[in-house]
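Descriptive analysis of the structure
Listed below are the residues making up each chain.
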Amino acid sequence: MGHLTGKEEILRQLQKRLHQNPVGLPEHGSVYEILSILYTDQEAQVGARFPFGMATFDEVQRATGVASEELEGILKGMLKKGLVVSSMKDGKVRYLLSPGLTGFFEFTFMRTDESLPMKRLAELMQTYKNTPEFIQEFFSPGTSRGKAYVYSDVLPKVRSEVLRFDEAAEHIKKAGRGSLGKCYCRHEAWHLGKNCSAPIDDICMSLGNASDFLVEQGFARRASVEELLDTLKRAEELGLVHIGDNLQDQTTFICNCCGCCCGFLEGITKFQLKHALTTTNYIARIDQETCNGCGLCADHCQIKAIQMKGDYPVVDEEFCIGCGICAHFCPTEAMKMVEREKRVIPPKNFKELMIRLMKEKGRI
């Protein structure tokens, strides 16, 4: 970066700290401008010294050296912007420095904030997410950050109980509470004039403790389990892909995604990375005897893994994520979801996912 001013040096330290997360923020000119817009000088100084993992207020105070009263105000501001997230454990509030993705990139576009230059941020984030450095970081081979969930109505009536984590509805029911908010990806695309017709508002979900934070800070609104399940059905009527944490339990989010705007699906549609998203344990197979050749399955596939070849659709099994959209829209039920020969078992919980990501990237 050449000669650094005081602010530039603080941002460099902040970037280095953020890059130590399981999904880091590689160095690039655009990321420094993003950080300079979102962080005040004081917030950047606190972020650069923030403890790893969840930390109590006292632990943050010791690590940053900021006086308690001043730190309270700084953390409050960072929480409002999603630069820090909080949760309650053992009667104490604990704080975590938010990563970029999934983290404050999403939070920035999960609500409308007239105080921020949203169009400029959208431009910068689009530039950054298309850099080779970020693509390698977010879509690195190994454990994926997100996974697809399958439409429940297309599953075989007899199936393995161990595969219940493939169904979005099961995660919602298990969480017992959640919230609804904006689709970050389509809201960002809207600021660039590139969004599709899929909904932006009240379409993406947070679950459990994660939803408590989002509601408290105004990023989302509280929604009942029934409303979340209804939203899931609405997303399926629109042919959107359910994507959430790559976990068996304790899922924090479920997004309803289109192939044109979604950051996860762009790994497949734009960069042709077969490992960009963890698949379900199902794969689409066509029964040509009952197929009428209508092409609806190909039309609705968000990642274009189905192409019409002559009179029949052909599934590219290397790219099929097993979401079940094709089978959902098949009028003759010729498209079937069948269990994959090799089981796809995600990490048990969020902690295990983060540890796997850190190990694979040599950060622990």
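The text that follows walks through the structure, step by step, so that each part is easy to find. (Residues numbered from 1 in each chain as written. Predicted model: local features only at pLDDT ≥ 70, side-chain atom pairs only at ≥ 80, totals over all residues. Heavy atoms only, no water.)

**Here we look at empty space enclosed by the protein**
Tallied over the entire structure, the rule returns four cavities of 30 Å³ or more. Along the wall of the largest cavity there are 16 residues; nearest its centre are Cys301, Ile306, Cys320, Cys323 and Cys326. When grouped by side-chain class, the residues that make up the lining of the largest cavity number 13 nonpolar, three polar and no charged. (1 Å grid on protein atoms, 1.4 Å probe; cavity = no way out; pocket = protein on both sides within 12 Å on 5 of 7 lines; lining within 4 Å. Points joined across faces, edges and corners; volume = space filled by probe spheres on them. Nonpolar A, V, L, I, M, F, W, Y, C, P; charged D, E, K, R; others polar.)

**What to know about the sheet that holds strand E9 (residues 253-257)**
Either a parallel or an antiparallel arrangement is found when strands of a sheet pair, and the pairing is made through backbone hydrogen bonds. The antiparallel open sheet is built from six strands, whose spatial order is E4-E8-E9-E6-E5-E7. Of all strands in the sheet, those with a lone pairing partner are strand E4 (146-149) and strand E7 (221-223), marking the two edges. With direction set aside, neighbouring strand axes in the sheet form an average angle of 30°. Summarising the sheet, strand E5 (residues 178-181) and strand E6 (residues 204-207) pair through four bridges and their orientation is antiparallel. Bridging from a neighbouring strand, Gly178 pairs with Leu207 of E6. (Pairing = 2+ DSSP bridges. Helix = DSSP H or I, 4+ residues; strand = E, 2+ residues; numbered from the N terminus. Axes fitted to C-alpha atoms, helices over the stretch in contact; angles between N-to-C directions.)

**Re unusual backbone geometry**
In this model, Leu101 is joined to Thr102 through a cis peptide bond whose omega is -15°. You can see Thr102 is positioned in helix H6 (residues 100-108). We note that Asp90 has phi near 55°; this positive angle belongs to a residue other than glycine. Within the fold, Asp90 resides in the loop between strand E2 (84-89) and strand E3 (92-97). Among the residues examined, Asp90 registers a relative accessible area of 69% and is labelled exposed. (Buried < 20%, exposed > 50% of the residue type's maximum accessible area, 1.4 Å probe, protein only.)

**Focus: the nonpolar core**
Ranked by size, the top nonpolar core spans 105 residues in total, and within it Leu38, Tyr39, Phe104, Phe105, Leu265, Ile321 and Met335 carry the most contacts. The element best represented in this core is helix H7 (residues 118-129), accounting for six residues. Beyond its immediate chain neighbours, meaning those up to four positions away, Met335 contacts Ala284, Arg285, Ile286, Cys297, Ile306, Pro313, Val315, Cys326, Ala327 and Cys330. Membership of the second largest hydrophobic core comes to twelve residues, among which are Leu207, Leu228, Leu229 and Leu232. (Core = buried A, V, L, I, M, F, W, Y, C linked by side-chain atoms within 4.5 Å. Contact = heavy atoms within 4.5 Å.)

**Notes on the pairing of E9**
Taken across its five residues, E9 has four buried, putting it largely inside the fold. Alignment of E6 against E9, held across two bridges, turns out to be antiparallel. By the bridge assignment for E9, Ser206 is matched with Phe253. Sheet analysis places strand E8 (residues 241-245) next to E9, joined by four bridges and oriented antiparallel.

**Points about the state of the cysteines**
On inspection of all chains with the given rule, the structure shows zero disulfides. A disulfide-free cysteine, Cys261 has its sulfur positioned 3.8 Å from the sulfur of Cys260, the nearest such atom. Cys261 gets classed as buried once you look at its relative accessible area, which sits at 9%. This cysteine, Cys320, is not joined by any disulfide, and Cys326 carries the nearest cysteine sulfur, 6.2 Å off. (Disulfide = S-S within 2.5 Å.)

**Details of the side chain of His187**
Inspection of the secondary structure puts His187 in helix H10 (residues 184-191). With a relative accessible area of 4%, His187 lands in the buried category. Dropping the residues within four chain positions of it, His187 is found in contact with Phe109, Arg111, Thr112, Met118, Lys182 and Ile200.

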